[in-house]
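# Understanding the architecture of this molecule
Single-letter residue listing:
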Amino acid sequence: MIDKLLPLPIRAAEAFEDDPLSAMFPEERALVAGAVPQRQLEFGTVRRCARTALSELGIDPAPILPGPGRAPRWPDGIVGAMTHCAGYRAAAVARARDIVTLGLDAEPNKPIDDPGVIDLVTLPGERTQLPRLAALEPDVAWDRLMFSAKESVYKAWYPLTGRWLGFEDAHITLDPTDATFTARLLVPGPVVAGTAVEEFSGRWMVGAGLVMTAIVLPA
């Protein structure tokens, strides 16, 4: 499913269930040694997905450990993102000479039940979109999709800046006509190739009980 969302030269792999036999490096296993079994399984499976994707770029298996901000530390010359939610794990990678940064997120296609959470993760101008979108496509959990888009924005943002980006720091506009979205940054953006990034463009899709979003910034 993820291949429909991410273009070449990005390589991606996904899993809809955990593999108890997913091999972890000792350094990875140590990070989740005290976690509940389910957390250990998802941690191992998403890294198996990442190593599968990396192998398509000719990269040998190696530990994938968190760095600053808990973002994955990829091999030199590689950019990537990982995501996991109930019933789904995925990773996407590319060479930095082709892709500057990418963000990826998957969430259950279920509405956010708590209005307080919706207020926390969205801006008033974003919330005004939701009734119109729900009338157009009621089978899409648009609030959850907007949350997913913000997660993808952060994953694309952090490797470029090394700085936190709050939910209130980007305004998402979802386009139902072509399954795209725009994230307008409300704080100064990173400078890439001499140009300040003021917004990210992304794509979204719905399927297999999930909403998925992705941002790709080409080199």
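Structural data are supplied above this passage.
Only a predicted model underlies this, so the values are computations on that prediction, with no experimental measurement involved. (Residues numbered from 1 in each chain as written. Predicted model: local features only at pLDDT ≥ 70, side-chain atom pairs only at ≥ 80, totals over all residues. Heavy atoms only, no water.)

## Some details on the pairing of strand β3 (residues 88-95)
Where we set the bar: Relative accessible area decides the class of each residue, using a 1.4 Å probe on protein chains only: under 20% of the type maximum gives buried, over 50% gives exposed, and in between gives partly exposed. Only DSSP runs of H or I reaching four residues or more are called helices, and only runs of E reaching two or more are called strands; each is numbered from the N terminus. Pairing between strands requires that DSSP locate at least two bridges from one strand to the other.
Counting buried positions over the eight residues of β3 gives seven, a clear majority of the element. Judged from the five bridges that link them, strand β1 (residues 11-15) and β3 form a sheet pairing that is antiparallel. By the bridge assignment, Ala-15 is partnered in β3 with Arg-89. Alignment of strand β2 (residues 78-85) against β3, held across eight bridges, turns out to be antiparallel. When the sheet's bridge partners are listed, Val-79 is paired in β3 with Ala-94. Counting the residues that bridge the hairpin from β2 to β3 gives two residues, and of these Gly-87 lies at a positive phi of roughly 80°.

## With respect to the pattern of salt bridges
Keep this limit in mind: We define a salt bridge as a contact between a side-chain nitrogen of Lys or Arg and a carboxyl oxygen of Asp or Glu at a distance within 4 Å.
Evaluated as defined, the whole model comprises eight salt bridges. Note that Asp-105 is salt-bridged to Lys-155, the shortest N-O span being 3.7 Å. Of this pair, Asp-105 sits in strand β4 (residues 99-108) while Lys-155 sits in helix α6 (residues 142-161), and the two are 50 residues apart along the sequence. Notably, a salt bridge pairs Arg-127 with Asp-119, separated by 3.5 Å at the nearest N-O pair. Overlapping salt bridges, with partners in common, bring together Asp-18, Arg-39, Glu-42 and Arg-89 in one network.

## A look at the environment of Val-187
As a reminder of what qualifies: In what follows, a contact means two residues having at least one pair of non-hydrogen atoms within 4.5 Å.
Relative to the assigned elements, Val-187 resides in the loop between β6 (180-185) and β7 (191-192). Residue Val-187 is classed as partly exposed on the basis of its relative accessible area of 26%. Here the alpha-carbon distance between Val-187 and Ala-170, two residues 17 residues apart in the chain, equals 7.7 Å. Excluding residues within four positions of it along the chain, Val-187 makes contact with Trp-157, Leu-165 and Asp-169.

## Considerations on α6
Stated precisely, the cut-off is as follows: A helix's residues, less one, multiplied by 1.5 Å, set its expected span.
In this model, α6 (20 residues) spans 28 Å end to end at C-alpha, consistent with the 28 Å of a helix rising 1.5 Å per residue. Following α6 by one or two positions, Gly-162 adopts a phi angle in the positive range, close to 65°.

## Structural notes on the sheet that holds β4
Under the convention used in this document: In this description, a line fitted to the C-alpha atoms serves as the axis of each element, helices being fitted only across the stretch in contact, and the angle between N-to-C directions of two axes falls anywhere from 0 to 180 degrees.
Pairing within the open sheet is antiparallel, and its five strands lie in the order β4-β10-β9-β6-β5. The open sheet terminates on both sides in strands that have one partner only, identified here as β4 and β5 (170-175). Pairs of neighbouring strands in the sheet enclose a mean axial angle of 20°, with direction left out of account. When β5 meets β6, the two strands line up antiparallel, connected through six bridges. Looking at β6, one finds that Leu-174 is bridged to Phe-181. Lying over the sheet, α6 contacts β4, β5, β6, β9 (199-207) and β10 (210-218), oriented at roughly 150° with respect to β4.

## Comments concerning the nonpolar core
As a reminder of what qualifies: To qualify as a nonpolar core, a set must consist of buried Ala, Val, Leu, Ile, Met, Phe, Trp, Tyr and Cys residues joined through side-chain atoms within 4.5 Å.
Trp-142, Val-153, Ile-172, Leu-174 and Phe-200 are the most contacted members of the largest nonpolar core, which has 25 residues in total. At the level of elements, α5 (130-136), α6, β5, β6, β9 and β10 are the ones that each hand at least two residues to this core. Of all the elements, α6 adds the most residues to this core, at nine residues. One finds Leu-5, Val-79, Tyr-88 and Met-205 within the second-largest nonpolar core, a separate group that totals 20 residues.

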